[in-house]
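Architecture at a glance
Now for the letters of each chain:
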Amino acid sequence: MDQCIYHKVSRSKICFLVLYVDDILLATNDWGLLHKVKKFLSKNFDMKDMGDASYVIGINIHRDRSQGILGLSQETYINKIVKRFWMKYCSPSVAPIVKGDRFNLNQCPKNDFEMEQMKSIPYASVVGSLMYAQVCTRPDIAFAVGTLGRYQSNSGIDH
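Residues numbered from 1 in each chain as written. Predicted model: local features only at pLDDT ≥ 70, side-chain atom pairs only at ≥ 80, totals over all residues. Heavy atoms only, no water.

A sheet is described by the order of its strands in space; here three strands give the open sequence 4-5-6, paired in antiparallel fashion. Every other strand in the sheet has two partners, leaving strand 4 (55-56) and strand 6 (69-73) as the edge strands with one partner each. Sheet topology note: the strand 4/strand 5 (residues 59-64) ladder contains two bridges and is antiparallel. By the bridge assignment, valine 56 is partnered in strand 5 with isoleucine 59. (Pairing = 2+ DSSP bridges. Helix = DSSP H or I, 4+ residues; strand = E, 2+ residues; numbered from the N terminus.)

Structure below.
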């Protein structure tokens with residue numbers, strides 16, 4: 001599937017192993033399979049079972065087993081990037097880009113002075129941070145992030 005995602009399927013049982021640097025996240029629909037995989041891994045690797053995951057690579061994991069609900073949230077990550085890019089006190093919006101908003105190359109820096117001013121604005125970092133949120137848990141901002149990304153090479157920042 002991916003260089004760091006592995007899966008095991010046995011009839012209706014499935015187990016995903018997600019590897020990130022030296023951390024492993026296991027997800028399965030069968031407790032027996034989970035214990036079997038943990039036993040195999042602990043025999044072959046020096047590992048520590050940290051129990052149920054609640055936060056992994058900037059993603060909060062919420063579960064309600066009684067209702068069969070698993071939720072993912074990047075609220076902590078998003079709050080950090082909002083603060084990092086000086087947007088902490090801005091008003092939230094349901095849609096970051098609405099019908100009728102127009103973007104074009106005329107809005108990009110046109111001369112050395114405007115390009116110099118843009119160098120203090122971490123445009124590429126903002127777009128990259130939003131892209132991570134979009135890919136993980138916020139597909140609803142994909143259009144806005146894609147639109148912003150189109151102008152990244154003309155933002156006045158040397159790449």
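This next bit is on helix 1 (residues 31-44). The end-to-end C-alpha separation of helix 1 is 20 Å, in line with the 20 Å expected for 14 residues at 1.5 Å each. When helix 1 is considered as a whole, its buried residues turn out to be Leu33, Leu34, Val37 and Leu41. Angularly, the buried residues of helix 1 cover 105° about the axis, an arc narrow enough to put them on a single face. Of the exposed residues in helix 1, those oriented more than 90 degrees away from the buried face are Trp31, Lys36, Lys39 and Lys43. Those residues of helix 1 hidden inside the fold are in contact with strand 1 (5-10), strand 2 (13-20) and strand 3 (23-28). For helix 1, the N-terminal capping position is held by aspartate 30, with its side-chain oxygen 3.1 Å away from the main-chain nitrogen of glycine 32. (Expected span 1.5 Å × (residues − 1). Buried < 20%, exposed > 50% of the residue type's maximum accessible area, 1.4 Å probe, protein only. Arc of directions from axis to C-beta. Contact = heavy atoms within 4.5 Å. Polar contact = N/O pair within 3.5 Å; in protein donor to acceptor, adjacent residues only side chain to side chain.)

Moving on, we get to the layout of surface pockets. Taken as a whole, the largest pocket spans an internal volume of roughly 1,700 Å³. Of all the secondary-structure elements, those providing two or more residues to the lining of the largest pocket are strand 2, strand 3, helix 1, strand 4, strand 5, strand 6 and helix 4 (123-136). For the lining of the largest pocket, the element with the most residues is strand 3, which contributes six residues. Across the lining of the largest pocket, the residue classes break down as 29 nonpolar, six polar and twelve charged. (1 Å grid on protein atoms, 1.4 Å probe; cavity = no way out; pocket = protein on both sides within 12 Å on 5 of 7 lines; lining within 4 Å. Points joined across faces, edges and corners; volume = space filled by probe spheres on them. Nonpolar A, V, L, I, M, F, W, Y, C, P; charged D, E, K, R; others polar.)

With that out of the way, let us pick up the state of the cysteines. What is meant by a disulfide is a covalent connection between two cysteines, made through their sulfur atoms. Inspection of the entire model under this criterion finds zero disulfides. Unpaired in this structure, cysteine 4 has its nearest cysteine sulfur neighbour in cysteine 136, at a distance of 14 Å. (Disulfide = S-S within 2.5 Å.)

Relative to the helices and strands, cysteine 108 is located in the loop between helix 2 (75-84) and helix 3 (112-118). Cysteine 108 sits 95 residues away from lysine 13 along the chain, and the two C-alpha atoms are 53 Å apart.

Time to look at the sheet that holds strand 2. Reading across the sheet, the three strands line up as 1-2-3 and stay open at both edges, with antiparallel pairing between neighbours. Looking at the sheet topology across the chains shown, the edges are occupied by strand 1 and strand 3. Neighbour-to-neighbour, the strand axes of this sheet turn through a mean angle of 15°, independent of strand direction. Contacts from helix 1 reach strand 1, strand 2 and strand 3 within the one sheet, and its direction differs from that of strand 3 by about 155°. (Axes fitted to C-alpha atoms, helices over the stretch in contact; angles between N-to-C directions.)

Our next topic: the nonpolar core. In this structure, Cys15, Leu17, Leu33, Val37 and Leu41 together form the largest nonpolar core, which totals five residues. Sorting the residues of this core by element identifies strand 2 and helix 1 as the ones contributing at least two each. The biggest single contributor to this core is helix 1, with three residues. Beyond its immediate chain neighbours, meaning those up to four positions away, leucine 17 contacts Cys4, Ile5, Tyr6, Ile24, Leu25, Leu26 and Leu41. (Core = buried A, V, L, I, M, F, W, Y, C linked by side-chain atoms within 4.5 Å.)

Take the packing of aromatic side chains next. By convention here, two paired aromatic rings are described through the distance between centres and the angle between planes. The full count for this structure, using the stated rule, is one aromatic pair. Pairing tyrosine 77 with tyrosine 132 gives two aromatic rings, centres 5.1 Å apart and planes at 75°, and the pair type is edge-to-face. A residue pair is termed long-range when its members are at least 10 positions apart, and tyrosine 77 in helix 2 and tyrosine 132 in helix 4 qualify at 55 residues. (Phe/Tyr/Trp six-rings, centres within 6.5 Å; stacked < 30°, edge-to-face > 60°.)

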